[in-house]
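# Examining the three-dimensional arrangement
In case you want the letters, here they are:
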Amino acid sequence: MSFQIVVHCIFCFVVCHAEMNAIMNKNSADVKDCTIYVALFPCNECAKLIIQSGIKEVNYIVRHYFSKI
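What you see is a predicted model, and the numbers here were worked out from it, not measured in a lab.

Think of it this way: side chains of opposite charge can pair up when their charged atoms draw near. The full count for this structure, using the stated rule, is one salt bridge. When the shortest N-O distance is used, the salt bridge between Glu45 and Lys48 registers 3.1 Å. Within this pair, Glu45 and its partner Lys48 are both found in helix H3 (residues 44-53), separated by three residues, close to a single helical turn.

This is how it looks when you write it as structure tokens:
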């Protein structure tokens, strides 16, 4: 296993996405029926958190993730 793959795998589990950070560190007691504003279209895991938290609307700027492939 190369060093780059190991670092990528560790990075995936250590860093949380902005959506998770916003939901978990909210100032109000509840985010039900709220709107969340994000730069990128939420990944599958963040979408699950958004749905489970009761957020009703997601506003994003960019739908597609760009890669160098």
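As a further point, take the pairing of strand E2 (residues 57-62). Both strand E1 (residues 35-40) and E2 contribute to a ladder of five bridges, which runs parallel. From the neighbouring strand, Val38 faces E2, where its bridge partner is Tyr60. For the handedness criterion, the β-α-β arrangement of E1, H3 and E2 is classed as right-handed.

Cut-off values and rules
- Residues numbered from 1 in each chain as written.
- Predicted model: local features only at pLDDT ≥ 70, side-chain atom pairs only at ≥ 80, totals over all residues.
- Heavy atoms only, no water.
- Salt bridge = Lys/Arg side-chain N within 4 Å of Asp/Glu carboxyl O.
- Helix = DSSP H or I, 4+ residues; strand = E, 2+ residues; numbered from the N terminus.
- Pairing = 2+ DSSP bridges.
- Right-handed = clockwise from strand over helix to strand, strands pointing away.

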